[in-house]
Amino acid sequence: FYILMVFLLTRIGCDAQTAWNAERAIDLVQNGAFDLVTLDIDLPETGGFEILSRLQQLPCWQNPPVIFVSGRTHPEDRRRAFGLGAADFIEKPFGVEDFVSRILSCIRKSPGESDVPDKRADTHTQSLCNTP
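Note that the structure is a prediction, hence the values are computed from the model and not measured. (Residues numbered from 1 in each chain as written. Predicted model: local features only at pLDDT ≥ 70, side-chain atom pairs only at ≥ 80, totals over all residues. Heavy atoms only, no water.)

### Examining the overall build of the protein
Part 1: Of the regular secondary structure elements, the protein holds five helices and five strands.
Part 2: Its helices and strands taken in sequence order, the protein reads α-β-α-β-α-β-α-β-α-β from the N to the C terminus.
Part 3: Here the protein, with 132 residues, has 45% of them falling under the buried criterion.
Part 4: Excluding contacts between residues fewer than 6 apart, the proportion of contacts in the protein whose partners are at least 24 apart in sequence is 68%.
Part 5: Here the protein displays about 6800 Å² of accessible surface, and carbon together with sulfur accounts for 49% of that area. (Helix = DSSP H or I, 4+ residues; strand = E, 2+ residues; numbered from the N terminus. Buried < 20%, exposed > 50% of the residue type's maximum accessible area, 1.4 Å probe, protein only. Contact = heavy atoms within 4.5 Å. Areas by Shrake-Rupley, 256 points an atom, 1.4 Å probe, with all protein chains shown as cover.)

Structure, rendered in structure tokens:
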């Protein structure tokens, strides 16, 4: 799914960057500003919930919208994601049009963004490296 996500994000004008672990995600955030962050809950070593908690503790964290994209469908996972401040929770498998519209909706709601992401919309994608 991460390849599809990167493809779709690129098609709508985002500069998608990926991280395969928490250390890389933290490094990316410390060295750049992001308009949107997507995270998967189930990742090797450090899951998406823990990664978000660690990112939120960084002095450079600018609180961009965070979307969890996960194969988990339990209501407790959704509650936890929103409790951590997530802007959305997209279940896998997802429909392409639904994914794109929800990403664009979050980008549009971000402070200072135009109605259409015609400028660089960096997207940090943390996803699916543990999926067989």
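### Section: helix H3 (residues 48–56)
Part 1: Residues of H3 that are buried: Gly 48, Phe 49, Ile 51, Leu 52 and Leu 55. End-on, the buried residues of H3 take up no more than an arc of 160 degrees, which puts them together on one face. (Arc of directions from axis to C-beta.)

### Let's talk about empty space enclosed by the protein
Part 1: On inspection of all chains with the given rule, the structure shows one cavity of 30 Å³ or more.
Part 2: Each pocket or cavity is described by its volume, and for the largest cavity that value is around 50 Å³.
Part 3: Lining the largest cavity, in full, are Val 29, Gly 32, Ala 33, Phe 34, Cys 60, Trp 61, Gln 62 and Pro 64.
Part 4: Each residue belonging to the lining of the largest cavity can be placed in one class, and the counts come to six nonpolar, two polar and no charged. (1 Å grid on protein atoms, 1.4 Å probe; cavity = no way out; pocket = protein on both sides within 12 Å on 5 of 7 lines; lining within 4 Å. Points joined across faces, edges and corners; volume = space filled by probe spheres on them. Nonpolar A, V, L, I, M, F, W, Y, C, P; charged D, E, K, R; others polar.)

### Section: the nonpolar core
Part 1: Ranked by size, the top nonpolar core spans 22 residues in total, and within it Leu 39, Ile 51, Leu 55, Trp 61, Val 66 and Phe 68 carry the most contacts.
Part 2: For this core, the elements supplying multiple residues, two or more each, are helix H2 (22–30), strand E2 (36–39), H3 and strand E3 (66–70).
Part 3: Take this core: its biggest share by element is five residues, from H2.
Part 4: Val 69, Ile 90, Cys 106 and Ile 107 belong to the second-largest nonpolar core, a separate cluster that totals 16 residues. (Core = buried A, V, L, I, M, F, W, Y, C linked by side-chain atoms within 4.5 Å.)

### Topic: the side chain of Ser 70
Part 1: Within the secondary structure, Ser 70 sits in strand E3.
Part 2: With sequence-adjacent residues up to four places away left out, Ser 70 is seen in contact with Asp 40, Ile 41, Phe 89, Ile 90, Glu 91 and Lys 92.

### Side note on unusual backbone geometry
Part 1: Between Lys 92 and the following residue, Pro 93, the backbone shows a cis peptide bond with an omega angle of -5 degrees.
Part 2: Along the polypeptide, Pro 93 turns up in the loop between strand E4 (88–91) and helix H5 (96–109).
Part 3: Although it is not a glycine, Glu 45 sits at a positive phi angle of roughly 70 degrees.
Part 4: The topology assignment puts Glu 45 in the loop between E2 and H3.
Part 5: Positive phi, normally seen in glycine, also occurs at Asn 63, with a value near 55 degrees.
Part 6: Tracing the backbone shows Asn 63 in the loop between H3 and E3.
Part 7: A residue is classified by how much of its surface remains accessible, and Asn 63, at 58% relative accessible area, is exposed.

The values are spatial; any link to function lies outside them.
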